[in-house]
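Residues per chain, in single letters:
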Amino acid sequence: MSVAEERAGVRLTNLDQPLSEDAGATKRDLVDYLDAVADRILPGLAGRPLTVLRVLRGQAPFMQKNVPKYTPDWVKTVSMWAESSHREVRYALCDDRRTLLWLANQRAVEYHPTLGLADNIYRPTHLVLDLDPPPGSAFDAVVATAALVRQALSDCGLTGVVKTSGAKGLHVFVPVDDSAPVDDVAAATRALATRAEQLDPARATTAFIVEDREGKVFIDSTRAGGATVVAAYSPRLRPGTPVSFPVHWSDLDRITPADFSVHTALGVLGDRDPWAEMMPAPQTLPPDLIEHGRTIPVARVAAMHEGKRRARARRAEDGKTSDLPGR
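Each value, and the rule that gives it
- Residues numbered from 1 in each chain as written.
- Predicted model: local features only at pLDDT ≥ 70, side-chain atom pairs only at ≥ 80, totals over all residues.
- Heavy atoms only, no water.
- Pairing = 2+ DSSP bridges.
- Helix = DSSP H or I, 4+ residues; strand = E, 2+ residues; numbered from the N terminus.
- Contact = heavy atoms within 4.5 Å.
- Axes fitted to C-alpha atoms, helices over the stretch in contact; angles between N-to-C directions.
- Core = buried A, V, L, I, M, F, W, Y, C linked by side-chain atoms within 4.5 Å.
- Buried < 20%, exposed > 50% of the residue type's maximum accessible area, 1.4 Å probe, protein only.
- Salt bridge = Lys/Arg side-chain N within 4 Å of Asp/Glu carboxyl O.

- Under an unreviewed UniProt entry, the chain has the name ATP-dependent DNA ligase and belongs to Mycolicibacterium celeriflavum.

Next comes the structure, spelled out in structure tokens:
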């Protein structure tokens, strides 16, 4: 029988249970890691509606936005209307260690806060580019694409920081001030992705449709509006339980995402907080970058229209084929 423990007034149970078959970590490993990085992960979670990935024994992992009915009344929450599900969703606000430990005890492995704060999730505090490698590619392909993004940022007077996604890719974060409305931030994100792609179109792509990427690294510019991105230092439900980890630009070619897990990240961190140390002050987006972005179609919308066009073309071709003699 598992022995229960208590930390910060939170009763912790079943700590010896594995998180999943291939996680290589127990619930205790998760709790201990999150407790140790609480002062470093919480600044990226505080005040932001939180979605978590939970993995309960005997069930498939699931993303949880709406907090369960048994949530303690000391857990801060915010209710927001979800257009997709046509209902009010009550999100957790993970503002303190006690809430973080409670979530960890609920087997919440991944932490995905919104880019905007609860009072206006549609005003992102950071512009984000997500670099997603094609299946089977080496990590150095993502590193090379990150260098393109860094160059595109530098060319327009911006600086950003980078972290592993905790999976196979990288996230580039650019803190922005509140001078630009959300549509302008989204436009600037599209422009930066396009400019990075144009620096080396043989290596990078902004093609939203997977079949159009031709084995290149995808620069995803769609993390805008009320989007979420996995937090720095968050574990990921992957083999070995890696974590999303901040990396200096100069160190990217010396690391792999698997270097940082709930077992190893604390040894690398020591008592430092590289995410906070590296993060520049909020920046004003250049007007010409925003104007450029306004000329670029929104990726999801463009992909939807292109998908419909291709479907019509296939139906038309099938119709022609069915009219051939002998059919």
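Having seen the structure, we can now continue with the description.
Points about the sheet that holds strand E12 (residues 217–220)
Okay, so step 1: An order of E11-E12-E8-E10-E9-E13 is seen for the 6 strands of this open sheet, with the pairing classed as mixed. Each of the sheet's edge strands pairs with one partner strand only, and the pair in question is strand E11 (204–205) and strand E13 (246–247).
Okay, so step 2: Where strand E9 (residues 161–164) lies against E13, 2 bridges are found, and the strand directions are antiparallel. Across the sheet, the residue bridging to Lys163 is Pro246, located in E13.
Okay, so step 3: On the sheet, helix H4 (residues 139–155) packs against strand E8 (126–132), strand E10 (170–175), E11 and E12 and is oriented at approximately 15° with respect to E10.
Okay, so step 4: Strands E8, E11 and E12 of the sheet are contacted by helix H5 (residues 182–199), whose axis makes an angle of about 40° with E8.

Quick notes on the nonpolar core
Okay, so step 1: With 86 residues, the main nonpolar core has Leu100, Tyr111, Leu127, Leu131, Val172, Leu192 and Leu285 as its most contacted residues.
Okay, so step 2: Ranked by residue count, the leading element in this core is H4, at 9 residues.
Okay, so step 3: In this structure, Met80, Ala82, Val89 and Ile121 belong to the second largest nonpolar core, which totals 7 residues.

Description of the pattern of salt bridges
Okay, so step 1: Taken as a whole and assessed by the stated rule, the structure comprises 16 salt bridges.
Okay, so step 2: Measuring nitrogen to oxygen at the nearest pair gives 2.8 Å for the salt bridge that ties Arg294 to Asp184. Placement of Arg294 in helix H8 (residues 287–294) and of Asp184 in helix H5 is noted, with a sequence separation of 110 residues between them.
Okay, so step 3: Exposure remark for Asp184: the relative accessible area of 13% places this residue in the buried category.
Okay, so step 4: Asp288 is the partner of Arg195 in a salt bridge, and the nearest nitrogen-oxygen pair spans 3.9 Å. Here Asp288 lies in helix H8 and Arg195 lies in helix H5, a separation of 93 residues in the sequence.
Okay, so step 5: Salt bridges sharing common partners tie together Arg7, Asp32, Asp35 and Arg97.

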